[in-house]
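Report on the structure
In case you want the letters, here they are:
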Amino acid sequence: MSERGNYEAIRKSILELLDQPEYDDGSVGPVLVRLAWHSAGTYDAETDTGGSNGAGMRYEAEGGDPANAGLQHARVFLEPVKAAHPWVTYSDLWTLAGCVAIEAMGGPKINWLPGRTDFVDDSKLPPRGRLPDGAKGVDHVRNVFTRMGFNDQEIVALSGAHNLGRCHTDRSGFEGKWVHSPTRFSNQYFRLLTRLEWKPKKLNNGVLQFVHVDEDLDEGLMMLPTDMALLSDPGFKEWVLLYADDKAAFYADFANAFAKLMELGIQRDAQGKVVNSDNLKGGYHS
Ligand code: DDH
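Thresholds, definitions, all that
Residues numbered from 1 in each chain as written. Predicted model: local features only at pLDDT ≥ 70, side-chain atom pairs only at ≥ 80, totals over all residues. Heavy atoms only, no water. Salt bridge = Lys/Arg side-chain N within 4 Å of Asp/Glu carboxyl O. Helix = DSSP H or I, 4+ residues; strand = E, 2+ residues; numbered from the N terminus. Buried < 20%, exposed > 50% of the residue type's maximum accessible area, 1.4 Å probe, protein only. Expected span 1.5 Å × (residues − 1). Contact = heavy atoms within 4.5 Å. 1 Å grid on protein atoms, 1.4 Å probe; cavity = no way out; pocket = protein on both sides within 12 Å on 5 of 7 lines; lining within 4 Å. Points joined across faces, edges and corners; volume = space filled by probe spheres on them. Domains from an automatic or database assignment. Polar contact = N/O pair within 3.5 Å; in protein donor to acceptor, adjacent residues only side chain to side chain. Phe/Tyr/Trp six-rings, centres within 6.5 Å; stacked < 30°, edge-to-face > 60°. Lys NZ or Arg CZ within 6 Å of the ring centre and 35° of its normal. Donors = N, O, S within 2.8 Å, 3.2 Å for Na, K, Ca; no water.

1. Details of the pattern of salt bridges
- Applying the stated criterion to the full structure yields 13 salt bridges.
- Its salt-bridge partner being K12, residue E16 comes within 3.3 Å of it at the nearest N-O pair. One end of the pair, E16, and the other, K12, are both in helix α1 (residues 7–18), four residues apart, so they sit about a helical turn from each other.
- The class of E16 is exposed, set by a relative accessible area of 57%.

Next comes the structure, spelled out in structure tokens:
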């Protein structure tokens, strides 16, 4: 019997590849979460362009965006899953992998739905520069996420994904991790953001980030300028304070916001079937 449509089999294959002792902090989970987010985070609500449909990162125009540096590793990690289950689309695989990784690392269950297409509609291709730039401030963060259709509360909840993973000098220019256990989902990012004292530090490559004032105590912990921006704006800060104190509220709000992120640009009928995948015109298949 064909296993087409058996997403449990895909979940299982993804789970099996998460632990990789040689890679970063021992798990490829964080970079898979980033792949899912960057595949969807190009969405522009006004023009209904970008988003995870089409898996555009396979092509240079989107994959070569400097904001996506390093995500080729995540795509390569997932190739064996695609090879074992060729019926799954890349756009479903990448988004599902992010959700499975979040859950496996102790995060909330994300309500993920299948049905994305790998059919690329040229007229829906996002221009480069739609993903956020960590060197910027409050206005930039709000503009980028408002463009996708998120409010302040959702923006802060999504930012809590920086509980996971790390920055790599050879990818973004920033260096270090946000929390001590970067393969464990928690609200520690918000706790450290609010409870530690942070100071700016210029790295040897000229990039400015924030480090804990007592670097000897908390070696390597860092914040991006955009993370610090969440503290300097009252509309953001109230949610940062809430999530630092209330892990359950963070988990619930994160799960909703991440599920919404994965759905940007996907239109479904009442039965949940995607309606804007079969009839795309002027596109091409991989
Ligand atoms: Fe992020 N992120 N992110 N991020 N992100 C980086 C790493 C990871 C920004 C910049 C960076 C989200 C929001 C923002 C994850 C998930 C999410 C890095 C380091 C930079 C820079 C990349 C590298 O050097 O390898 C900025 C700016 C924002 C913003 O909001 C303004 C969101 C919304 C998510 C999400 O998943 C919902 C994850 C996970 C990582 C760790 C990746 C890794 O390889 O480890």
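2. A word on helix α2 (residues 29–40)
- Taking 1.5 Å per residue as the helical rise, α2 with its twelve residues ought to reach 16 Å, and the 17 Å between its terminal C-alpha atoms agrees with that figure.
- Counting buried positions over the twelve residues of α2 gives eleven, a clear majority of the element.
- Of the positions making up α2, those classed as buried are G29, P30, V31, L32, V33, L35, A36, W37, H38, S39 and A40.
- Next to the buried residues of α2 lie α1, α3 (60–63), α4 (71–84), α5 (90–104), α6 (138–148) and α11 (247–262).

3. Observations concerning the layout of surface pockets
- When its volume is computed, the largest pocket comes out at roughly 1,000 Å³.
- As for the largest pocket, its lining consists of 48 residues, of which R34, W37, H38, H162 and L224 are closest to the centre.
- Sort the elements by how many residues they give to the lining of the largest pocket and α2 lands first, with six residues.
- When residues of the lining of the largest pocket are assigned to domains, at least three fall in each of domain 1 (7–131 + 258–284) and domain 2 (138–255).

4. Comments concerning α11
- The end-to-end C-alpha distance of α11 is 22 Å, a good match for the 22 Å that 16 residues give at a rise of 1.5 Å each.
- Burial in α11 covers these residues: A249, F250, Y251, D253, F254, A255, A257, F258, A259, L261 and M262.
- Against α2, α5, α6, α7 (152–159), α8 (188–195) and α10 (234–245) lie the buried residues of α11.
- Its side-chain oxygen placed 3.3 Å from the backbone nitrogen of A248, D246 serves as the N-cap of α11.

5. Looking at the packing of aromatic side chains
- Inspection of the entire model under this criterion finds 17 aromatic pairs.
- With a centroid separation of 5.5 Å and 25° between ring planes, the pair formed by F254 and F258 is classed as stacked. Of this pair, F254 and F258 both sit in helix α11, four residues apart, roughly one helical turn. Across the pair, F258 and F254 agree in class, each one buried.
- Cluster of aromatic residues (ring-pair linked, three or more members): F185, Y189, F190, W239, Y243, F250, Y251, F254 and F258.
- Geometry around Y90 places K82 over its ring, the cationic atom sitting 4.8 Å from the centre.
- Taking NZ or CZ as reference, R142 lies 4.3 Å from the ring centre of F236, over its face.

6. Observations concerning the coordination of the iron atom of the ligand
- Only one protein atom coordinates the iron atom of the ligand: H162 (NE2), located 2.1 Å from the metal.
- With respect to the element layout, H162 can be found in the loop between α7 and β2 (166–167).

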